[in-house]
Each structure stands twice: as structure tokens, then as C-alpha cells.
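# Geometric and topological summary
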Amino acid sequence: MLRELALHILDLVENSLSAGATRVTIELSEDTRADWLTVRVADNGRGMDAELARRVVDPFFTTRTTRRVGLGLPFLKQAAEMCGGALTIDSAPGVGTTITATCQHSHIDRMPLGDLPTTILSLVVGNPQADFVYRHSVNERVFQFDTRPIKAELGEVALSEPSVIAYLKEALKEG
Amino acid sequence: MSVKSLEDLKKIKEEALRKREIRNANARAHVTVAMGTCGIAAGARDTMKAVLDAIEKDQIAGVLVTQTGCIGLCEFEPIVDVQVGDAPKVTYGKVSPERVRAIVTEHVVGGKPIREWMITR
């Protein structure tokens, strides 16, 4: 359904924000030697009890009241398993949720990473109430982007000012 | 974050603050893009990108851009709300990047909503 890993990441982070998260860490690590890809989204949202954490991977479950099916997480779980990996949920009420999806990096059915800079830019500008840390590593090379020093510097200037959008785009493109 | 340093950001901030002082206060607008799973599947990220690109390209200051979740009208996704000044909020459906450009120019900047793309309930 979602054809890029970047769109799944966007979907996971939207879940985090819906759960009231104010801080979300997005990690993407590519280990080409071990042929392994790991995506992790960790938040400080309201978290889930064991029963809820079990049910969210059911395609016919959703927390939304506007319709009765979810599909975001079940599709990601299926995509990960299809490529020799797994989806794990680590969550505790009042603490937060960490979703980890893994798969074989070179697997023929592994979906492309997609447009990560645009995904992160959309999240950062569109959710000024939350802080984001984005870490992308390829073997030992690591790119890290953190909104906290940026927001501290900007003060009352909005993230959607034209020059700030240009700055963020440039900063993310460097990664 | 090495080349694009926080020093650059400081200059950008000072410039943005200076511009805001000269700007007319009634130009303020709020654009909201729905980013539920349904919106994302329908292309909401590209819609969001088109909004940010238009603001950047045309140097439109004073527009607040935020996201929201599923609002229960999944068949109309991507959905974008536009509120300009004190005017009532307008909800647009099936907002492609092309439509974004027209909406930003005519509604956000020009103040004239585009009736044919509105969702009316």
C-alpha cells in the first residue's frame, strides 16, 4: 500500500504524534556487510499496554473513531516479514512506544527507502509542537539531524517561514 | 549539519524577524495538511511538499503550515484546510501538487477560495 519505507516512517511518526508524543527519534540504519536494514521510531507518547500492542498489528484494528480499519502497522509488519525480517513493538503505558522493523537489505522485495528528506521536512515543519531526532547510518557513516538546537536558535520565528524552509531542506539534503 | 551551521540559521532568523516587522499583519494564513494513513497513501506528503515549495519559491512570509490526522473523509484525501485571516476555514479535497500551487496563489495570497475544489458537506 505505501510503496516507500519513507512513507511508512511518516505513518509511524503520525501514530506517535497522535499518541501525544513531544519527542520522536527516527533511526534508519543500513548495514550492507551484514546485509541488514533496521528502521526504528521511538516516542515518548502515552504508550500501550500489552493487549493493545498485540492488537495494533491486526489489520482490522484502529484507534481512530472515523473508520474501523487501520492497516498502517499490519502492512509494515507484512513487508518486513516478506523480506526476512520482523516488526517488534516495545511499549509501556505512560512511557512511550518503540517500533522496530528489520529486513534483509538486498532482498528483492525490499521496498525502496524513498524520499527521506521530504518526509522529515514535512514532519518537522508540520508539527512545531514536537521535537525530532533523525539518525541515518550507512555502515559507520552517520548523519544526524536534531530539531532542538534549531528551534532554540529560531525562538519565535516559525518553521514555515520561506527562508527557514530553505535552510531545513538544505540541511537535510546534506545527509 | 556541518556546512549549514547554526550561524547560518541565526542570520536567517534575524532576516525573518526584520521582514515580519514590515509585513502587514492581516496577511496571516494557516494551511493544514491531513496526514493520516489514508492521506499518506493518497499522496499527502507530496501535497505537503508542494505547499512548502510554493511558500519558499514565492517567498510568502507569515503562513503557518501544520499537519493533522484522518478526519473521516478518506475518499477525498489528500485534504488541505486553508484559513486566511478572519475568513472561515475552507476544506479542499483531492489536493494534488498542481492544485496546491493554484490554492496558494489564489487563496492563501489572493484571498479568493477556489470553489470547485472545496469539500461541501
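Residues numbered from 1 in each chain as written. Chains lettered and ligands numbered in written order. Predicted model: local features only at pLDDT ≥ 70, side-chain atom pairs only at ≥ 80, totals over all residues. Heavy atoms only, no water.

Here we take up the sheet that holds strand β2 (residues 63-68) of chain B. Residues and elements named next belong to chain B. Read across the sheet, four strands follow the order β2-β1-β3-β4 without closing on themselves; strand pairing throughout is mixed. Strands with a single pairing partner mark the edges of an open sheet, and in this sheet they are β2 and β4 (90-92). Pairwise comparison of adjacent strand axes, ignoring direction, gives a mean angle of 20° for this sheet. Pairing of strand β3 (residues 80-84) with β4 involves three bridges; the strand directions are antiparallel. Directly across from Asp 81, in β4, lies its bridge partner Thr 91. (Pairing = 2+ DSSP bridges. Helix = DSSP H or I, 4+ residues; strand = E, 2+ residues; numbered from the N terminus. Axes fitted to C-alpha atoms, helices over the stretch in contact; angles between N-to-C directions.)

Here the focus is the pattern of salt bridges. In total, this model carries 15 salt bridges over all chains according to the counting rule given. Note that A:Lys169 and B:Glu56 form a salt bridge whose closest N and O atoms lie 2.6 Å from each other. Of this pair, A:Lys169 sits in helix α6 (residues 162-174) while B:Glu56 sits in helix α3 (residues 44-57), on two different chains. Assessed through its relative accessible area of 24%, A:Lys169 is described here as partly exposed. (Salt bridge = Lys/Arg side-chain N within 4 Å of Asp/Glu carboxyl O. Buried < 20%, exposed > 50% of the residue type's maximum accessible area, 1.4 Å probe, protein only.)

Let us look at the packing of aromatic side chains. Residues and elements named next belong to chain A. Evaluated as defined, the whole model comprises one aromatic pair over all chains. Ring geometry for Tyr 134 versus Phe 143: centroids 6.1 Å apart, planes at 70°, classification edge-to-face. Residue classification places Tyr 134 among the buried residues on the basis of a relative accessible area of 5%. (Phe/Tyr/Trp six-rings, centres within 6.5 Å; stacked < 30°, edge-to-face > 60°.)

Residues and elements named next belong to chain B. Of all five residues in β3, four are buried, a share of seventy percent or more. Sheet topology note: the strand β1 (residues 29-34)/β3 ladder contains five bridges and is antiparallel. By the bridge assignment, Thr 32 is partnered in β3 with Asp 81. Here β3 folds back onto β4 in antiparallel fashion, the turn holding five residues, of which Gly 85 has a positive phi close to 55°.

With that out of the way, let us pick up the nonpolar core. Counting 83 residues, the largest nonpolar core has A:Val13, A:Ile26, A:Phe132, A:Phe145, A:Leu168 and B:Tyr92 as the members making the most contacts within it. When residues in this core are grouped by element, the largest group, eight residues, is from helix α1 (residues 5-18) of chain A. With residues up to four places along the chain from it excluded, the contact list for A:Leu168 reads A:Leu121, A:Val124, A:Val125, A:Phe145, A:Ile150 and A:Leu159. (Core = buried A, V, L, I, M, F, W, Y, C linked by side-chain atoms within 4.5 Å. Contact = heavy atoms within 4.5 Å.)

A cis amide bond links B:Glu77 to the next residue, B:Pro78, at an omega of -10°. Along the chain, B:Pro78 falls in the loop between β2 and β3. The phi dihedral of A:Asn139 falls on the positive side, at around 50°, and the residue is not glycine. Inspection of the secondary structure puts A:Asn139 in the loop between β5 (131-138) and β6 (141-146).

Here we take up the confidence of the model for chain A. For chain A, the average pLDDT comes to 92, and 96% of its residues sit at 70 or higher. Mean pLDDT in chain A bottoms out at helix α2 (residues 50-55) of chain A, which sits at 89, and peaks at strand β2 (residues 36-43) of chain A, which reaches 98. (pLDDT = per-residue confidence, 0-100.)

Residues and elements named next belong to chain A. The mixed open sheet is built from six strands, whose spatial order is β3-β4-β2-β1-β5-β6. Either end of the sheet is taken by a strand with one partner, and the two such strands are β3 (87-92) and β6. Between one strand axis and the next, the sheet turns by 10° as a mean value, whatever way the strands run. As paired strands, strand β1 (residues 23-31) and β5 are joined by eight bridges and run parallel to one another. The residue bridging Val 24 from the neighbouring strand is Phe 132, located in β5. Contacting β1, β2, β4 (96-104) and β5, α1 runs over the sheet at an angle of about 20° to β2. Against the sheet, helix α3 (residues 72-82) touches β3 and β4, its axis set at about 30° to β4.

A word on the packing of α1(A) against α3(A). All names here are of chain A. Two numbers describe how α1 lies on α3: the axes approach to 10 Å, and their chain directions differ by 140°. Considered as vectors, α1 and α3 are oriented oblique to each other. Every pair of crossing elements has a handedness; the one defined by α1 and α3 is left-handed. Across the interface between the two elements, Leu 5, His 8, Asp 11, Leu 12 and Asn 15 of α1 pack against Gly 72, Leu 73, Phe 75 and Leu 76 of α3. Across the contact of α1 with α3, the residue classes break down as five nonpolar, three polar and one charged. (Parallel < 35°, antiparallel > 145°, perpendicular 65-115°, else oblique. Left-handed = near helix turned anticlockwise from the far one by under 90°. Nonpolar A, V, L, I, M, F, W, Y, C, P; charged D, E, K, R; others polar.)

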